[in-house]
Amino acid sequence: MNGMWDALTGLGDQLSAHVILSAAAIALGIAVALPLAVWASRSEKVARASLAFASLVQTIPALALLALFFPILLSLRAVFGEGLPTLGFLPALLALALYALLPILRNAVTAQANLDPGVMEAAAGVGMNFRQRLLLVEAPLAAPYIMAGIRTAAVWTIGAATLATTIGQKSLGDPIFAGLQTQNWVLVLAGCIASAGLALVADTLLGLIERGFRERRRGLWLGGLLVVALGVIAALFAQFGGGDDEDRVVIGAKGFSEQYILARLIGQQLEAEGFAVEYRDGLGSAVAHSAAASGDIDVYVDYTGTIWTNQMKREDNPPRDEMYAQIVEWETEKTGMQVLGRLGFENAYGFAVRTETMQMRGLESIEDLANVAREMTVGGDPEFFERPEWIAVRDAYGLRFAEQRNFSPTFMYNALQSGEADVIGAYTSDGRIEADDLFILDDPRDAFPNYDAVLLLSPEASRDEALVGALRPIIDSIDVAAMREANYSVDREEDKLSFDEAARRLAERAGL
Amino acid sequence: MPEPVLTFSGVSKAYGPTRAIDALDLAIEAGSFVALVGASGSGKSTLLKTVNRLVEPTTGSVTFDGDDVAGLPLAGLRRRIGYVFQSIGLFPHMSVAENIAIGPRLAGERLPEDRIGKLLEWVELDREMVDRMPDELSGGQRQRVGVARALAAEPQLLLMDEPFGALDPVTRDALGERVRKLHEELGLTTVMVTHDMAEALLLADRVLVMDAGRIVADETPQSLVAGAGGEIAQALVAVPRHQAERLAELSA
Ligand SMILES: Nc1ncnc2c1ncn2[C@@H]1O[C@H](COP(=O)(O)OP(=O)(O)OP(=O)(O)O)[C@@H](O)[C@H]1O
Ligand SMILES: [Mg+2]
């Protein structure tokens, strides 16, 4: 219980970021929906088109909508210049505002359509012009319904804003995603409780304003509005009151434990050298690479095989050093990023089976696996089966499984233990391989490429000599045993370490 | 003969195949009290609305005080005309006082409290009612607020579309007399739509009978009672006459 309390009280920063993001998205939603509703009340066509559009947006899963804004904003840089952010607040704001549009628009349009025609005729008949009709009659009569729409939008937006974490925006999703990653349920629960609590508070306050409009009690809606405004101001103050954050080094991390730990390790190194840092955690693999190329993040850890197949679209599989050299050259030429060096360990893909399965089936290599695959279920993280590496291995060995299932990286190992999967696409630096006594099948045909961990710097960061100097000691300092241990220390069921603590211990072990 | 304050020349209004008003010509003199009667759907409301341009005629023109209304600024035109709506149309979010004061408010004036009280008195409502909301009034009370609202901006022309429909007969009678008296005192020109021929005969100087978008009778009450105006008009006059005869029989 104490842990929960600590987890909750540690969420102040995420809470204020969440409040600001949600409030801004709802405000933008209102700013777009209301004029649109007025226009719609004058034109049947506009009403139909705008409602159809808003409903269509609603059918896109929030996670996908958030992710979609990355390429959209990236392409808009042609118009608005390189300064346009493609990750973080802006795309989260735009996606959530689109999401908030429907309930507000629908209620506003319905409210206007249901206005008493006799009253509207009288409004015109007593000599009101368009503006006066809108302000003196339509707005006050539609206000309670519009407010009900805003209330629905607020609850949706606050919930969906937790997903903004995946595109690098701080929110109450941070503890949820980090907790899911490491099966730290206290953290997950703390994030859920905080965002649900925020939604409840917002719902209650907006409900008061709605009632104030409905019962025409000015004190009630003014009071509600005041409290909402104070809450947002407090959040703004908490978020931006403490000085500028222009010069911060932004460290990116993809959504798995090793990345969280390495990001903290990099952060601690830089802080020790006097840099201010900020984290963008839980990024998708492709997003992380483009984010660094575009300068939205300054530094992150990637893997040679990932860049080779996903970014360079290569299908051949050259030896380690040759691949590394080609990647360094390609990044310099194509993205302007600097590959500072290899960290010293590999986090490759491999097929992992339980030792029992290995013995029972006599499995040594993927060739053996291919013979019995038809009777087996293969598990992988949601990215795995989409990746060219999987396709390469599948084709190289002619793998045909009975069933193919997606799990989050963490649950994959549980699935293997419980028999829901017989073999999983695992990461070789994962601490659970040793802890769970798993066996990694050989890859005699070299179908999986190398996955040396490398440190990448954005073009701008690579020109910052002090930064480069501070990061250089990390190169070649971490071996796979150390990484596995650090990963296990945050992934294990009991006695979990925080990412910060795991990073500190890893740094110590690496002699940093 | 006084100048006509309101003229309709060749006014038609078509809704698809329906001709709500059909090539109608009419002149109404300043200061007259005109009753407009006719069956439901005969075009009475539509005709009234062409004056303040809530309805734009398909063809023909309406002049008010010598000007074609089509050329007048809408808001100004409407503020010069007191209009009592068939659907009443009180603003549900405004108090009785705010409803009555809306016309002057739009013109940037504040209607003094005792003027609002006076208007309420004219329509036989209690001054205490000023702070009530429309949904706290009876149907008849609402109609009377509607009449007070129409008179608030001191119009020259009063157009009333069935203003007394929801009133009990006693109040209706009293209010009819009242409006007639106000019409004299304020020097108004009044057009009142009603279903009740007896009311029309007793209050108006001139009774128009509409049928299918045309005026089929245009008579003084005296000549109507004397049998003029044609078949449709006489059918309407027959109703109160028959009632009066039966009442006379009862008392005999
Ligand atoms: N907006 C409209 N669209 C289509 N038809 C209309 C419209 N307004 C009126 N009409 C038609 O025009 C004709 C005249 O309607 P109007 O309202 O003027 O009748 P009325 O004499 O006032 O009837 P009532 O005594 O029932 O109020 C009717 O046939 C009606 O259906
Ligand atoms: Mg009518």
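For clarity, every value in this text was computed on a predicted model and none was experimentally measured.

Peer 1: Mind showing me how you'd approach the overall build of chain A here?
Peer 2: Helices and strands together make up the secondary structure of chain A, namely 23 helices and 10 strands. In terms of its C-alpha atoms, chain A occupies a principal-axis envelope of roughly 90 × 55 × 50 Å. Looking at chain A residue by residue over its 512 residues, the buried ones come to 54%. Here the contacts in chain A between residues at least 6 apart in sequence split such that 75% fall between residues at least 24 apart. In the form shown here, chain A has an accessible surface area of approximately 22,500 Å², with 56% of it arising from carbon and sulfur atoms.

Peer 1: Is there a simple way to think about the sheet that holds strand S9 (residues 438-440) of chain A in this case?
Peer 2: Paired through backbone hydrogen bonds, the strands of a sheet run either parallel or antiparallel to each other. Residues and elements named next belong to chain A. Taken in spatial order, the five strands of this open sheet run S7-S6-S8-S5-S9, and their pairing is mixed. With one partner strand each, in any of the chains shown, strand S7 (403-406) and S9 form the two edges of the open sheet. Direction aside, the axes of adjacent strands within the sheet are offset by 35 degrees on average. One ladder, built from three bridges, connects strand S5 (residues 349-354) with S9; its direction is antiparallel. Residue pairing across strands places Ala352 opposite Ile440, the latter belonging to S9.

Peer 1: For this particular structure, what's the right way to read the coordination of the magnesium ion (ligand 2)?
Peer 2: Under perfect tetrahedral coordination by four donors, a metal shows angles of 109.5 degrees; under perfect octahedral coordination by six donors, it shows angles of 90 or 180 degrees. Residue and element names in this part refer to chain B. Surrounding the magnesium ion (ligand 2) are the protein donor atoms Ser45 (OG) and Gln86 (OE1), which sit 1.9 to 2.3 Å from the metal. In this pair, Ser45 is assigned in helix H1 (residues 44-51) and Gln86 in the loop between strand S6 (81-84) and helix H3 (96-100), connecting sequence segments 41 residues apart. The class of Ser45 is buried, set by a relative accessible area of 17%.

Peer 1: Which parts of the structure should I look at to understand the site of ligand 1?
Peer 2: All names here are of chain B. Neighbouring ligand 1 are 14 residues, the closest being Ser40, Gly41, Lys44, Ser45 and Thr46. For ligand 1, an oxygen atom lies 2.8 Å from a polar atom in the side chain of Lys44. Gln86 places a polar side-chain atom, nitrogen or oxygen, 2.8 Å from an oxygen atom of ligand 1. When the free accessible area of ligand 1 is taken as 640 Å², the share hidden by the protein chains comes to 62%. Counting only elements with at least two residues in the shell around ligand 1, the list comes to strand S2 (18-29) and H1.

Peer 1: So what exactly am I meant to see when it comes to the side chain of Arg432 of chain A here?
Peer 2: All names here are of chain A. When you line up the elements, Arg432 lands in helix H19 (residues 431-435). What makes Arg432 buried here is its relative accessible area of 7%. When near neighbours in sequence (up to four residues on either side) are disregarded, Arg432 contacts Pro409, Thr410, Tyr413, Asp437, Leu438, Tyr488 and Asp491.

Peer 1: Looking at this structure, I do not really get the interface of chain A and chain B. What am I missing?
Peer 2: Interface size, as often reported, equals the accessible area lost upon joining of the parts. Every contact between the two is made by 16 residues of chain A and, on the other side, 19 residues of chain B. It is Glu121, Val126 and Leu136 of chain A that lose the most area in chain A upon contact with chain B, and together they represent 33% of the buried surface on that side. In this structure, the connection of chain A to chain B is made through one salt bridge. Between Lys49 of chain B and Glu121 of chain A there is a salt bridge whose closest N-O contact spans 2.9 Å. Summed over the shared surface of chain A and chain B, the result is five residue pairs in polar contact (both at pLDDT 80 or more). Taken together, the elements giving at least two residues each to the side of chain A that touches chain B come down to helix H6 (117-125) and helix H7 (130-160) of chain A. Broken down by element, the side of chain A that touches chain B gets its largest block of residues, seven residues, from H6 of chain A. Within the side of chain A that touches chain B, the residues separate by chemical class into 10 nonpolar, four polar and two charged.

Peer 1: Sorry, what's going on with a nonpolar patch on the surface here?
Peer 2: Among the surface-exposed residues, Leu180, Trp185 and Phe411 of chain A lie close enough to one another that they form a single nonpolar patch of about 260 Å² accessible area. Looking at the element boundaries, Leu180 of chain A is found in helix H8 (residues 173-182).

Peer 1: Which parts of the structure should I look at to understand the packing of helix H13 (residues 304-311) of chain A against helix H14 (residues 320-335) of chain A?
Peer 2: Between two packed helices, what matters for the description is the angle formed by their axes and the separation of those axes. All names here are of chain A. Remark: H13 packs on H14, axes separated minimally by 10 Å, with the N-to-C direction vectors making an angle of 60 degrees. In terms of axis orientation, H13 runs oblique to H14. Relative to H14, H13 is oriented so that their crossing is left-handed. Side by side, H13 and H14 meet where Thr304, Gly305, Ile307, Trp308 and Gln311 of the first sit next to Met323, Tyr324, Gln326, Ile327, Trp330 and Glu331 of the second. Among the residues forming the contact of H13 with H14, the class breakdown is six nonpolar, four polar and one charged.

Peer 1: Teacher, can you tell me more about the pairing of strand S1 (residues 4-15) of chain B here?
Peer 2: Regular strands place side chains that alternate from one sheet face to the opposite one. Residues and elements named next belong to chain B. Bridging between S1 and S2 involves eight bridges; their strand directions are antiparallel. Bridge assignment links Val11 to a residue of S2, and that residue is Leu24. Here S1 folds back onto S2, and the loop between the two strands holds two residues, one of which, Gly16, carries a positive phi near 60 degrees. Bridge count between S1 and strand S4 (residues 59-64): five bridges; the pairing is antiparallel.

Peer 1: I would appreciate a short explanation of the pattern of salt bridges in the present structure.
Peer 2: A side chain of one charge can pair with a side chain of the opposite charge if their charged atoms are brought near each other. Using the criterion set out here, one finds 38 salt bridges over all chains in the structure. For Glu420 of chain A, the salt bridge is made with Arg405 of chain A, and the minimal N-O distance between the two is 3.6 Å. In this pair, Glu420 of chain A is assigned in the loop between helix H18 (409-418) and strand S8 (423-427) and Arg405 of chain A in strand S7, connecting sequence segments 15 residues apart. Assessed through its relative accessible area of 40%, Glu420 of chain A is described here as partly exposed. Judged by its relative accessible area of 29%, Arg405 of chain A is partly exposed. Between Arg127 of chain B and Glu121 of chain B there is a salt bridge, with the nearest N and O atoms lying 3.4 Å from each other. Sharing partners across several salt bridges, the network here consists of Arg151, Asp203, Glu210 and Arg214 of chain A.

Peer 1: Help me understand the domain arrangement of chain A in this model?
Peer 2: Residue and element names in this part refer to chain A. Splitting chain A by domain gives domain 1 (2-240), domain 2 (249-345 + 452-509) and domain 3 (349-440). On a C-alpha basis, the centres of domain 2 and domain 3 stand 26 Å from each other. Contacts between the two partners involve 13 residues from domain 2 and, on the opposite side, 11 residues from domain 3. For the pair domain 2 and domain 3, the two sides together bury roughly 1,100 Å², of which 49% comes from carbon and sulfur. For domain 2, the biggest contributors to the area lost against domain 3 are Arg484, Tyr488 and Asp491; these three give 45% of the whole. Here domain 2 and domain 3 share two salt bridges between them. Taking the shortest distance from any N to any O, the salt bridge between Arg484 and Glu434 comes out at 2.9 Å. Across the contact surface, domain 2 and domain 3 share six residue pairs in polar contact (both at pLDDT 80 or more). Broken down by element, the side of domain 2 that touches domain 3 gets its largest block of residues, six residues, from helix H22 (residues 480-491). A class-by-class count of the residues in the side of domain 2 that touches domain 3 yields four nonpolar, six polar and three charged.

Peer 1: I would appreciate a short explanation of the environment of Tyr303 of chain A in the present structure.
Peer 2: Residues and elements named next belong to chain A. Positionally, Tyr303 belongs in strand S3 (residues 299-303). For Tyr303, a relative accessible area of 4% translates into the label buried. Tyr303 sits 138 residues away from Leu441 along the chain, and the two C-alpha atoms are 20 Å apart. For Tyr303, the contacting residues outside a window of four places in its chain are Lys254, Phe256, Glu258, Gln259, Asn347, Tyr451, Asp452, Ala453 and Val454.

What counts, and where the lines are drawn
- Residues numbered from 1 in each chain as written.
- Chains lettered and ligands numbered in written order.
- Predicted model: local features only at pLDDT ≥ 70, side-chain atom pairs only at ≥ 80, totals over all residues.
- Heavy atoms only, no water.
- Helix = DSSP H or I, 4+ residues; strand = E, 2+ residues; numbered from the N terminus.
- Buried < 20%, exposed > 50% of the residue type's maximum accessible area, 1.4 Å probe, protein only.
- Contact = heavy atoms within 4.5 Å.
- Areas by Shrake-Rupley, 256 points an atom, 1.4 Å probe, with all protein chains shown as cover.
- Pairing = 2+ DSSP bridges.
- Axes fitted to C-alpha atoms, helices over the stretch in contact; angles between N-to-C directions.
- Donors = N, O, S within 2.8 Å, 3.2 Å for Na, K, Ca; no water.
- Near = heavy atom within 4 Å.
- Polar contact = N/O pair within 3.5 Å; in protein donor to acceptor, adjacent residues only side chain to side chain.
- Buried area = accessible area lost by both parts, 1.4 Å probe.
- Salt bridge = Lys/Arg side-chain N within 4 Å of Asp/Glu carboxyl O.
- Nonpolar A, V, L, I, M, F, W, Y, C, P; charged D, E, K, R; others polar.
- Patch = residues over 30% accessible without salt bridge, like charges linked within 9 Å, V, L, I, M, F, W, Y side chains within 5 Å.
- Parallel < 35°, antiparallel > 145°, perpendicular 65-115°, else oblique.
- Left-handed = near helix turned anticlockwise from the far one by under 90°.
- Domains from an automatic or database assignment.

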